[in-house]
Amino acid sequence: MSVDWEGILARLRGYPLRINRLLPPCPDEMVAAVQSALGRFPEDLAGMVRNFNGGKLFVKGIQMVCIFGLSAAQPLPPERGYDWYIDKFTPKWRAAGSGRDSDWAFAMMNYGGLIIMHGDGSIAEWDTAQRIWGARSPNLATWFETILREGDAYMKDV
C-alpha cells in the first residue's frame, strides 16, 4: 500500500491555521546524503520528506505527534529537540541495541512513544519510559491513517 501524500496533506491543511505545522519539502540531494550515510532510505520516508520535512501535528497546547525531518535541509526552531531528526535519532537508536540496523526513527508522540520504521516497512511504537513495544502498523500509509483518526479525536477532546 503506497502512501497518498496528496490526500494526507489535504486533510492536514483542512484544519485551522497552526494546528498542523509542516516544514517545507526536503531536496532530493539531502535524501541522497542521508542514504549514503545510513543506508537505503525507505521510499515511503523519502516520499514523506519530499512532501514535508517534518512538523508538528494536531497542536492543542502541545502537539500530538512530532514528525522528524532531515537535519541539514534547514535549521529548525530552538524548541525542537536537537536530535529530533531522522538522520540524528536513527544512528542513536541503531547503536542502542542489536537487530536495529535497518530501523528508522521518524516521529515522537507527545507521551514519549518513539515511532520506528523497520526494514520491512512496518511501523512500531517504542515506549521510551517502559522500554517496551506498543502499537504496530503494517506500513506508513496505515500508520498515517491511524494518526489522522486519532488527531481528529484529539482535537475534539475537551
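Predicted model, so just to flag it, every value in this text is computed and none were measured.

## Some details on the overall build of the chain
(1) Moving on: Counting its regular elements, the chain contains 5 helices and 7 strands.
(2) Moving on: For 158 residues, the compact-globule formula gives about 15 Å, and the C-alpha radius of gyration of the chain, at 15 Å, lands near that figure.
(3) Moving on: Along the three orthogonal principal directions, the C-alpha set of the chain runs to about 40 × 35 × 35 Å.
(4) Moving on: Among the 158 residues that make up the chain, the fraction classed as buried is 49%.
(5) Moving on: Look at the contacts in the chain between residues 6 or more apart in sequence, and 50% of them connect residues 24 or more apart.
(6) Moving on: Of the accessible surface of the chain, which amounts to about 8100 Å², a share of 54% is contributed by carbon and sulfur atoms.
(7) Moving on: A distance of 5 Å separates the average location of the 17 positive side-chain charges in the chain from that of its 18 negative side-chain charges.

## Observations regarding the packing of aromatic side chains
(1) Moving on: On inspection of all chains with the given rule, the structure shows 12 aromatic pairs.
(2) Moving on: Each ring, one from Tyr 15 and one from Phe 58, has its centre 5.2 Å from the other, and the planes form 85 degrees; the classification is edge-to-face. Here Tyr 15, found in the loop between helix H1 (5-13) and strand E1 (21-22), pairs with Phe 58, found in strand E2 (residues 55-60); they are 43 residues apart in sequence, far enough to count as distant.
(3) Moving on: The class for Phe 58 is buried, based on a relative accessible area of 0%.
(4) Moving on: Ring centres of Trp 143 and Phe 144 lie 5.1 Å apart, and the angle between their planes is 80 degrees; on these two criteria the pair is classed as edge-to-face.

## A look at the pairing of strand E5 (residues 113-117)
(1) Moving on: Across the 5 residues that make up E5, a large majority, 5, are buried.
(2) Moving on: Across the two faces of E5 the burial is the same, with Gly 113, Ile 115 and Met 117 and Leu 114 and Ile 116 all buried.
(3) Moving on: Where strand E4 (residues 104-109) lies against E5, 4 bridges are found, and the strand directions are antiparallel. Along E5, the bridge assignment pairs Ala 107 with Ile 115.
(4) Moving on: Counting the residues between successive antiparallel strands, the hairpin from E4 to E5 contains 3 residues, one of them, Gly 112, with a positive phi of roughly 100 degrees.

## A closer look at the nonpolar core
(1) Moving on: Ranked by internal contacts, the top residues of the largest apolar core, which has 46 residues, are Phe 41, Met 48, Phe 106, Leu 140, Trp 143 and Phe 144.
(2) Moving on: Per-element tally for this core: the top contributor is helix H5 (residues 140-156), with 7 residues.
(3) Moving on: When sequence neighbours within four positions are dropped, the list of residues in contact with Phe 144 reads Trp 5, Ile 8, Met 48, Phe 52, Leu 57 and Ile 67.

## Regarding the sheet that holds strand E7 (residues 132-137)
(1) Moving on: Strand order in the open sheet formed by 7 strands is E1-E2-E3-E4-E5-E6-E7, and the pairing between neighbours is antiparallel. Single-partner strands in this sheet number two, and they are E1 and E7.
(2) Moving on: With 5 bridges joining them, E5 and strand E6 (residues 123-127) adopt antiparallel strand pairing. Across the sheet, residue Met 117 finds its bridge partner in E6, namely Ile 123.
(3) Moving on: Sheet strands in contact with H5 are E2, strand E3 (62-67), E4, E5, E6 and E7, and its direction is about 25 degrees off that of E2.

## With respect to the pattern of salt bridges
(1) Moving on: Taken as a whole and assessed by the stated rule, the structure comprises 3 salt bridges.
(2) Moving on: Of the charged contacts, one joins Asp 28 and Arg 50 as a salt bridge, the two residues approaching to 2.6 Å between their closest N and O atoms. Taken as a pair, Asp 28 in helix H2 (residues 28-38) and Arg 50 in helix H3 (residues 43-51) lie far apart in primary sequence, 22 residues in all.
(3) Moving on: On the accessibility criterion, Asp 28 (48% relative accessible area) is partly exposed.
(4) Moving on: Among the salt bridges present, the one from Arg 50 reaches Glu 43, with a minimum N-O distance of 3.2 Å.
(5) Moving on: The exposure class assigned to Glu 43 is exposed, which follows from its relative accessible area of 53%.

Rules used throughout
Residues numbered from 1 in each chain as written. Predicted model: local features only at pLDDT ≥ 70, side-chain atom pairs only at ≥ 80, totals over all residues. Heavy atoms only, no water. Helix = DSSP H or I, 4+ residues; strand = E, 2+ residues; numbered from the N terminus. Rg over C-alpha atoms; globule rule 2.2 N^0.38 Å. Buried < 20%, exposed > 50% of the residue type's maximum accessible area, 1.4 Å probe, protein only. Contact = heavy atoms within 4.5 Å. Areas by Shrake-Rupley, 256 points an atom, 1.4 Å probe, with all protein chains shown as cover. Lys, Arg positive; Asp, Glu negative; His and termini not counted. Charge placed at Lys NZ, Arg CZ, Asp CG, Glu CD. Phe/Tyr/Trp six-rings, centres within 6.5 Å; stacked < 30°, edge-to-face > 60°. Pairing = 2+ DSSP bridges. Core = buried A, V, L, I, M, F, W, Y, C linked by side-chain atoms within 4.5 Å. Axes fitted to C-alpha atoms, helices over the stretch in contact; angles between N-to-C directions. Salt bridge = Lys/Arg side-chain N within 4 Å of Asp/Glu carboxyl O.

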